[in-house]
Amino acid sequence: MPLSADERARIIETQTLKSEVNADIAAGVSKPKLSEFQKQIVLLAVGFALTAIAGGALTYYWKSRDWSNQQSYLRQQRALDKKYAVVETMFKDVAVTTAAAQNVLISYYQPDVTPQEIDERARNWQKTSRDWRVSSKILSASLAANFQDPHIGNTFRQIIDVRRQLGNKVTNLPKCKPGAKVKQKTIDNLKDANDLANQIVELLQKCGALMTSEIKAGYQ
């Protein structure tokens, strides 16, 4: 028996209501509403997480910056140590070879010098001359590697040149004999050699002042 119009209308209304109820139920399950307390908990958790992340990032940044500063300081300190080491070596090597030459020269002015002392000074001069030939080359390379001022290298080259002249003068001196009269030509050569030794000392002081000035400028 076919349904009447009123019955069909009620069925449609019932189905429509059922669909709306099901939709509301589904919406309530998929999108639950948070209470105020739950909202505060969520905000606190998010805030804590953000604080932890930001704190970690800042800690990493400052540690990295501190490490970078330490490395920069260590590099600067190592460079300074190398410079000071070159200065010390230069003064020592130049002083040793110059003093050895002066010891030979002074023998001619000492009437009480013994043959043993003369031979010992001559051997020392020969030894320091051999050492100087090596150390002067090493120092030239060290100065070029550690110092920027070209006047430093130029001054040291002058020291090498004057030291070569001094070596020639000392080598060409006649053998010193205790109590023997020194000829005028030898006296003149002794004076020239002594002037060259003094010139080396002056150049050494000049070179040292230039090196110290560069070190201080780099440290500031």
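Residues numbered from 1 in each chain as written. Predicted model: local features only at pLDDT ≥ 70, side-chain atom pairs only at ≥ 80, totals over all residues. Heavy atoms only, no water.

1. A word on the overall build of the chain
When you go through the chain residue by residue, the secondary structure sums to five helices and zero strands. For the chain, the N- to C-terminal ordering of α and β elements is α-α-α-α-α. Taking the intrachain contacts of the chain between residues at least 6 apart in sequence as the baseline, contacts between residues at least 24 apart amount to 83%. Taken as a whole, the chain presents about 15,900 Å² of accessible surface, with 59% of it coming from carbon and sulfur. (Helix = DSSP H or I, 4+ residues; strand = E, 2+ residues; numbered from the N terminus. Contact = heavy atoms within 4.5 Å. Areas by Shrake-Rupley, 256 points an atom, 1.4 Å probe, with all protein chains shown as cover.)

2. A short note on the packing of helix α3 (residues 115–146) against helix α4 (residues 150–171)
At a closest axis distance of 11 Å, the pairing of α3 and α4 adopts a crossing angle of 165 degrees. Considering their axes alone, α3 and α4 lie roughly antiparallel with respect to each other. Helix-helix and strand crossings are classified by hand; for α3 and α4 the assignment is left-handed. Residue-level contacts link W125, S129, W132, S136, L139, S140 and L143 of α3 to I152, F156, I159, I160, R163, G167, V170 and T171 of α4. Taken together, the residues that form the contact of α3 with α4 break down as nine nonpolar, five polar and one charged. (Axes fitted to C-alpha atoms, helices over the stretch in contact; angles between N-to-C directions. Parallel < 35°, antiparallel > 145°, perpendicular 65-115°, else oblique. Left-handed = near helix turned anticlockwise from the far one by under 90°. Nonpolar A, V, L, I, M, F, W, Y, C, P; charged D, E, K, R; others polar.)

3. Quick word on the packing of aromatic side chains
The tally for this structure, following the rule as stated, stands at one aromatic pair. Measuring from ring centre to ring centre gives 6.2 Å for W132 and F156, while their planes differ by 55 degrees; the resulting arrangement is tilted. Of this pair, W132 sits in helix α3 while F156 sits in helix α4; the two residues are 24 residues apart in sequence, bridging distant segments of the chain. Neither W132 nor F156 differs from the other in exposure class; each is buried. Lying over the aromatic face of F147, K83 brings its terminal NZ or CZ to 4.5 Å of the ring centre. (Phe/Tyr/Trp six-rings, centres within 6.5 Å; stacked < 30°, edge-to-face > 60°. Buried < 20%, exposed > 50% of the residue type's maximum accessible area, 1.4 Å probe, protein only. Lys NZ or Arg CZ within 6 Å of the ring centre and 35° of its normal.)

4. Section: the nonpolar core
Ranked by internal contacts, the top residues of the largest apolar core, which has 35 residues, are M90, V94, F147, F156, I159, L166 and M211. Going through the elements one at a time, α2 (36–107), α3, α4 and α5 (184–219) are the ones with two or more residues in this core. Ranked by residues supplied to this core, first place goes to α5 with 10 residues. I159 has contacts with V94, W132, I200, L203, L204 and C207, leaving out every residue within four places of it along the chain. (Core = buried A, V, L, I, M, F, W, Y, C linked by side-chain atoms within 4.5 Å.)

5. Quick word on the side chain of T128
In this structure, T128 sits in helix α3. Only 3.0 Å separates the side chain of T128 from the backbone oxygen of W125, close enough to count as a polar contact. Discounting residues that sit within four places of it in the chain, T128 has contacts with V96, T97 and A100. (Polar contact = N/O pair within 3.5 Å; in protein donor to acceptor, adjacent residues only side chain to side chain.)

6. Here we look at the confidence of the model for the chain
Caution applies to low-pLDDT regions: their predicted coordinates should not be interpreted in detail. Per-chain confidence: the chain averages 80 in pLDDT, with 66% of residues scoring 70 or above. In the model of the chain, helix α1 (residues 5–30) stands out as the element of lowest mean pLDDT, 52, in contrast to α4, which has the highest, 96. Confidence drops under a pLDDT of 50 for residues 28–32, and excluding neighbours within four residues, the segment shows zero contacts in the predicted structure. (pLDDT = per-residue confidence, 0-100.)

7. Let's talk about the environment of A197
Examined against the element boundaries, A197 turns out to sit in helix α5. Using a relative accessible area of 0% as the deciding quantity, one classes A197 as buried. With 34 residues separating them along the chain, A197 and R163 place their C-alpha atoms 7.6 Å apart. What A197 contacts, discounting residues up to four positions off in sequence, is T98, Q102 and L166.

8. What to know about the environment of L105
Take L105: it is sitting in helix α2. Taking C-alpha positions, L105 is 9.0 Å from K191, a pair spaced 86 residues apart along the chain.

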